[in-house]
Amino acid sequence: MSKYKDNRRPWFRNVKSVLRLFIRKPRFVFLGKSMEGQQIFFLSNHVGASAPLVLELYGNHPFRFWGTYEMNGGLIEVYKYLSNVYFHQKKHMNLFVARCLSVIVAPLTYLFYRGLNLISTYPDIRFRKTLSETLKTLRERQSVVIFPEFSKNGYFDELKMFHSGFVLLAKKTLEEGMDLPLYLAYYCKYEHRYIVDKPILISELLRNKEPRKRVAEYLCRRCNELGRMRLKV
């Protein structure tokens, strides 16, 4: 991959420049080879909006995020998702307060997500669209960032489980002859540190042809191990 060039739209690059004035760069701790200059498959915990934001500002890769389809919808759909799901269900905020806050936040979030150019994810048969769009992105030599943790009941330091849809994507990439390095990472919000594990090729990860759920469980456990390292590295 050639030297990183921010492929976001000019107006969004300007927004990011402003945000960098208020959000400092995290410390990236690599337990193995740096991911710089590579096309990669990147998995991380979510930490609410924190991990996606710092990756967008300081990831230094041409990449696209996976994100729930509601955030790629219209303004009303974004408002409903923020008020009913993100603030109320996941952040455990009072519903009335969540709705009032979302009136203010939704327009800004709507614009921000347009700039991100998310790949929409779906909980049903429409997931095929996710796979198709992601494979197209990978063919264009961009990297993909996925936050696979189960967050229906909120975001936790100790991750409960990973959704396994990314494993199906990994299998599809191999079928297309793309054996990418997978980087698993854990963002420590309070230490403002990203711990990035040694990369593993997708072919190596899937070598034993284990069920998708088992692969997801293994990576979830490893992600939690990275989180527990935060006081040691």
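In the block above lies the structure referred to throughout.
Cut-offs and rules
Residues numbered from 1 in each chain as written. Predicted model: local features only at pLDDT ≥ 70, side-chain atom pairs only at ≥ 80, totals over all residues. Heavy atoms only, no water. Helix = DSSP H or I, 4+ residues; strand = E, 2+ residues; numbered from the N terminus. Rg over C-alpha atoms; globule rule 2.2 N^0.38 Å. Buried < 20%, exposed > 50% of the residue type's maximum accessible area, 1.4 Å probe, protein only. Contact = heavy atoms within 4.5 Å. Areas by Shrake-Rupley, 256 points an atom, 1.4 Å probe, with all protein chains shown as cover. Lys, Arg positive; Asp, Glu negative; His and termini not counted. Charge placed at Lys NZ, Arg CZ, Asp CG, Glu CD. Salt bridge = Lys/Arg side-chain N within 4 Å of Asp/Glu carboxyl O. Patch = residues over 30% accessible without salt bridge, like charges linked within 9 Å, V, L, I, M, F, W, Y side chains within 5 Å.

What to know about the overall build of the chain
At step 1: Broken down by element type, the chain carries 8 helices and 8 strands.
At step 2: Computed over C-alpha atoms, the radius of gyration of the chain comes to 17 Å, within 12% of the 17 Å expected from 2.2 N^0.38 for 233 residues, which places it in the range of a compact globule.
At step 3: Principal-axis analysis of the C-alpha atoms places the extent of the chain at approximately 50 × 40 × 35 Å.
At step 4: Taken over 233 residues, the chain has a buried fraction of 48%.
At step 5: A fraction of 74% describes how many contacts in the chain between residues 6 or more apart in sequence connect residues 24 or more apart.
At step 6: Accessible surface, the chain: about 12,500 Å² in total, of which carbon and sulfur atoms supply 55%.
At step 7: Of the side-chain charges in the chain, 40 are positive and 20 negative, and the distance between the mean point of each set is 3 Å.

So, the side chain of Arg222
At step 1: Looking at the secondary structure, you find Arg222 in helix 8 (residues 212-228).
At step 2: Discounting chain neighbours no more than four positions away, the residues touching Arg222 are Leu31, Leu184, Asp197 and Met229.

Things to note about unusual backbone geometry
At step 1: Its identity is not glycine, yet Asn117 carries a phi of approximately 60°, on the positive side.
At step 2: Tracing the backbone through its elements, the reader meets Asn117 in the loop between helix 4 (95-116) and strand 4 (119-121).
At step 3: Backbone geometry at Arg141 places phi at a positive 70°, although glycine is not the residue there.
At step 4: Inspection of the secondary structure puts Arg141 in the loop between helix 5 (127-139) and strand 5 (143-146).
At step 5: Here Arg141 falls in the partly exposed class, since its relative accessible area comes to 47%.

Brief notes about the environment of Glu217
At step 1: For Glu217, the position within the fold is in helix 8.
At step 2: Glu217 sits 55 residues away from Phe162 along the chain, and the two C-alpha atoms are 6.5 Å apart.

Concerning the pattern of salt bridges
At step 1: Tallied over the full model, the rule gives 10 salt bridges.
At step 2: A salt bridge links Glu56 to Lys16; the nearest nitrogen and oxygen atoms lie 2.8 Å apart. Within this pair, whereas Glu56 is found in helix 2 (residues 50-58), its partner Lys16 is found in helix 1 (residues 10-19), the two being separated by 40 residues in sequence. The same class applies to Glu56 as to Lys16, namely buried.
At step 3: Close ionic contact of Asp197 with Arg222 constitutes a salt bridge, the shortest N to O distance being 2.7 Å.

Observations regarding a nonpolar patch on the surface
At step 1: A cluster of nonpolar residues, Trp11, Val15 and Leu111, forms a patch on the protein surface that exposes about 250 Å² of accessible area.
At step 2: For Leu111, the location among the structural elements is in helix 4.
At step 3: Under the relative-accessibility criterion, Leu111 is labelled partly exposed at 46%.

Some points on the side chain of Gln142
At step 1: Within the secondary structure layout, Gln142 lies in the loop between helix 5 and strand 5.
At step 2: Of the residues examined, Gln142 reaches a relative accessible area of 12% and is grouped as buried.
At step 3: Dropping the residues within four chain positions of it, Gln142 is found in contact with Asn7, Gln39, Pro62, Phe63, Arg64 and Thr137.

Here we look at helix 2
At step 1: Most of helix 2 sits inside the fold, with 8 of its 9 residues counted as buried.
At step 2: Along helix 2, the residues classified as buried are Ser50, Ala51, Pro52, Val54, Leu55, Glu56, Leu57 and Tyr58.
At step 3: Positive backbone phi, approximately 55°, marks Asn60, located one or two places after helix 2.

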